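Structural overview
What follows is each chain in one-letter form.
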Amino acid sequence: MLKIENLTVKVADKEVLSDINMQLKPGEQMALLGPNGSGKTSLLMTIIGFANYQITRGDIIFKGKRINELSIDQRARLGIGVMFQRPPTVRGIKLRQMIQLISKDKFNTDKEASLLNLKDFLGRDLNLGFSGGEIKRSELLQLLAVAPNLCLFDEPESGVDLENIALVGKLINRILQKNKDNASLIITHTGYILDYVQADRGCILVGGKLHCMGNPKEILETVKKHGYEWCITCAREKPKKQYHQSRK
Amino acid sequence: MVYHMRTRKTKKTIPPIAKINIKSYQANSAPKAYLDDLGSVTSDQKKNMLAAGVDPTQKSRSGTYVQMDHNVVHARSLYPGLEVMSTSEALKKYEWLDNYFWKVVALDADEFTRQAHLQQHHGYFLRALPGVKATYPLQACLFINDNNIIQNVHNIIIAEEGSDLQVITGCATASDVRRGLHIGISEFYVKKGARLTFTMIHNWAEDVSVRPRTAALVEAGATFLSNYICLKPVKDLQMYPKAELIGRGAVARYNTILFAHPGSRLDVGSRVILKAKDSRAEVVARAVSAGGDIIARGHLKGEVAGIKAHLECRGLMVSEKGLIHAIPELEGHVAGVDMSHEAAVGKIAHEEIEYLMSRGLSQGEAQAAIVRGFLDTSIMGLPASLQKEVDQAISACEKEVF
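All of the points below concern the structure found in this document. On a predicted model such as this, the values are computed, not experimentally measured, just so you know. (Residues numbered from 1 in each chain as written. Chains lettered and ligands numbered in written order. Predicted model: local features only at pLDDT ≥ 70, side-chain atom pairs only at ≥ 80, totals over all residues. Heavy atoms only, no water.)

1. Looking at the overall build of chain A
Looking only at helices and strands, chain A has seven helices and 12 strands in total. Scaling as 2.2 N^0.38, a compact globule of 248 residues should have a C-alpha radius of gyration of about 18 Å, and chain A matches this with 18 Å. Summarising its shape, the C-alpha atoms of chain A cover approximately 55 × 40 × 35 Å along the three principal directions. Per-residue burial over chain A gives 56% buried out of 248 residues. Long-range contacts, defined here as pairs at least 24 residues apart, represent 69% of the contacts in chain A between residues at least 6 apart. (Helix = DSSP H or I, 4+ residues; strand = E, 2+ residues; numbered from the N terminus. Rg over C-alpha atoms; globule rule 2.2 N^0.38 Å. Buried < 20%, exposed > 50% of the residue type's maximum accessible area, 1.4 Å probe, protein only. Contact = heavy atoms within 4.5 Å.)

2. Focus: the interface of chain A and chain B
The interface is formed by 27 residues belonging to chain A together with 19 residues belonging to chain B. Between chain A and chain B, a total of about 1,800 Å² is buried, with carbon and sulfur atoms accounting for 64% of that surface. Looking only at chain A, the three residues that lose the most surface to chain B are I72(A), D73(A) and P88(A), adding up to 23% of its buried area. Where chain A packs against chain B, one counts one salt bridge. R359(B) is paired through a salt bridge with E139(A); the nearest N and O atoms lie 2.7 Å apart. If you list the elements that add at least two residues to the side of chain A that touches chain B, you get α2 (72-78), β6 (80-83), β7 (90-94), α3 (95-102) and α5 (132-146) of chain A. Among the elements that line the side of chain A that touches chain B, the one with the most residues is β7(A), at five residues. Here the side of chain A that touches chain B is built from residues that sort into 18 nonpolar, four polar and five charged. (Buried area = accessible area lost by both parts, 1.4 Å probe. Salt bridge = Lys/Arg side-chain N within 4 Å of Asp/Glu carboxyl O. Nonpolar A, V, L, I, M, F, W, Y, C, P; charged D, E, K, R; others polar.)

3. Focus on the sheet that holds strand β12 (residues 209-214) of chain A
Residues and elements named next belong to chain A. Spatial strand order, β6-β9-β10-β3-β11-β12: six strands in an open sheet with mixed pairing. Bordering the open sheet on either side are β6 and β12, each of which pairs with just one other strand. The average angle at which neighbouring strand axes cross in this sheet is 20 degrees, direction not considered. Relative to β12, strand β11 (residues 201-206) runs antiparallel, the two sharing five bridges. (Pairing = 2+ DSSP bridges. Axes fitted to C-alpha atoms, helices over the stretch in contact; angles between N-to-C directions.)

Set out below in structure tokens:
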């Protein structure tokens with residue numbers, strides 16, 4: 001589904017990702033962990049093709065096609081979708097209009113919005129005055145409408161109260177289960193979302209480099225126990241691509 | 001207090017709109033026959049009327065006035081208590097109407113008001129009798145059918161005490177009209193406790209010059225809501241309508257939506273003079289330049305204590321060419337006035353475009369969606385039925401614009 005080879009990315013002359021290698025098979029869900037500023041969001045923005053993220057080396061291959069040169073919308077139409085952590089406010093475009101503009105096939109906006117407790121928000125400007133949880137639900141409603149094959153979730157649980165994390169998890173599963181080949185990359189800080197969404201693999205991004213890859217629960221346990229500092233040390237000491245084994 | 005906001009650091013300023021040589025336009029036009037059935041207008045006329053919000057089928061309308069060039073081709077009310085006729089006809093019918101002519105617009109204000117006085121070509125008289133509240137709006141259309149003519153109209157609109165009058169009015173040209181001059185004098189009278197919602201959509205041709213001269217008198221407890229929309233190319237447009245709030249609790253709200261195409265020059269503002277206690281005003285403008293020049297003015301003048309007014313102008317530049325110059329003015333004459341303004345001019349945020357593109361919209365589609373959203377008519381606070389009509393007209397217009 002997705003193959004990233006030797007990817008190095010700059011933002012305004014600063015290298016934010018360095019020599020990233022990663023592969024996602026069809027139907028595979030991967031958790032991406034890492035401390036603040038480690039480059040997790042940069043990786044997602046690079047995959048979707050935001051202009052600020054300049055690829056200086058390497059390739060992104062999606063569905064067997066090199067997409068480095070494709071525009072954002074071309075990538076989206078190929079089947080990549082992003083759930084943004086902090087999407088911009090777009091005044092004048094109502095959530096309902098947005099859904100109408102982007103939805104594929106027959107999408108029952110009112111029914112889906114009701115299920116997400118978003119019906120009252122359909123007539124409001126996109127993201128204007130939305131709370132953290134409302135933004136997440138709005139993002140997920142849009143992804144439901146777009147039905148992507150590769151979903152990039154940027155911290156889906158941040159700003160969501162504990163009660164609603166289950167709802168967010170349920171929605172993510174719905175989006176992923178629309179097609180058995182749907183794959184995802186899920187950025188998580190707390191790992192709470194992994195109680196609801198089954199990740200097949202996990203990896204840690206530290207200082208723009210991807211070092212560990214393995215069982216997501218094990219990685220999360222290690223991070224919870226020893227913190228990212230330990231991971232950084234571990235990353236320095238262990239050769240690249242070595243599978244992580246948690247310290248007992 | 002005057003604030004000037006410029007969008008460029010260059011020394012370029014908007015030159016004054018070129019002086020118009022009134023004599024270069026033809027004073028006469030070919031006579032047009034009265035139409036009992038508006039359905040008999042040509043398909044081209046119908047298309048251009050619809051894009052200006054005027055529906056020749058008169059579905060969901062309480063009455064219609066249509067003037068082509070210098071002839072009244074249709075004037076009929078479909079609702080008891082609403083009057084629709086030409087001002088020339090109304091002057092013959094009502095002796096008292098003389099008192100409403102040139103009362104709020106000064107006859108000698110400029111060469112255009114003088115021209116309209118010297119050579120008036122009708123104009124519409126719309127009136128709601130006391131207490132009359134119609135569900136559907138009246139519609140009026142001032143149409144330029146012949147090329148290179150001058151059209152001077154004088155309109156009088158009266159909402160008598162306790163009435164609720166909605167008017168949707170469109171000005172349009174036939175598709176083959178290239179050049180013309182439209183001078184429109186409009187005087188509004190909103191009597192005690194009445195409500196007048198006036199929505200004007202301009203659908204001119206690229207080389208038509210337009211000079212509306214408009215003013216309103218709003219009495220105690222009355223509300224005057226004026227909406228102006230100009231999305232199509234026009235050579236130049238200059239207007240600065242004014243409302244005087246003379247009765248306690250009077251309210252005026254102006255909403256203006258402007259789109260300047262390359263080569264178009266728009267100098268448009270709204271002015272409210274608050275003369276009575278507890279009167280309220282709001283002036284809201286949305287201006288988009290796609291290469292044309294826009295001067296967006298606003299002026300609030302508070303003459304007594306206890307008034308409240310707000311002015312808002314937002315400009316959006318979607319082209320490297322063109323210019324938007326917002327000039328909001330607040331003028332307080334006594335202590336105890338509460339007036340404010342906000343103005344902002346900028347371009348579409350790149351992150352908004354990228355966000356929409358990440359959902360599969362092309363860059364052009366994303367930009368058009370944002371511009372359409374920016375020109376959202378829901379800011380106008382229209383009644384639902386009128387909102388639908390206005391949105392249909394805007395949609396017809398946008399199909400040609402975007």
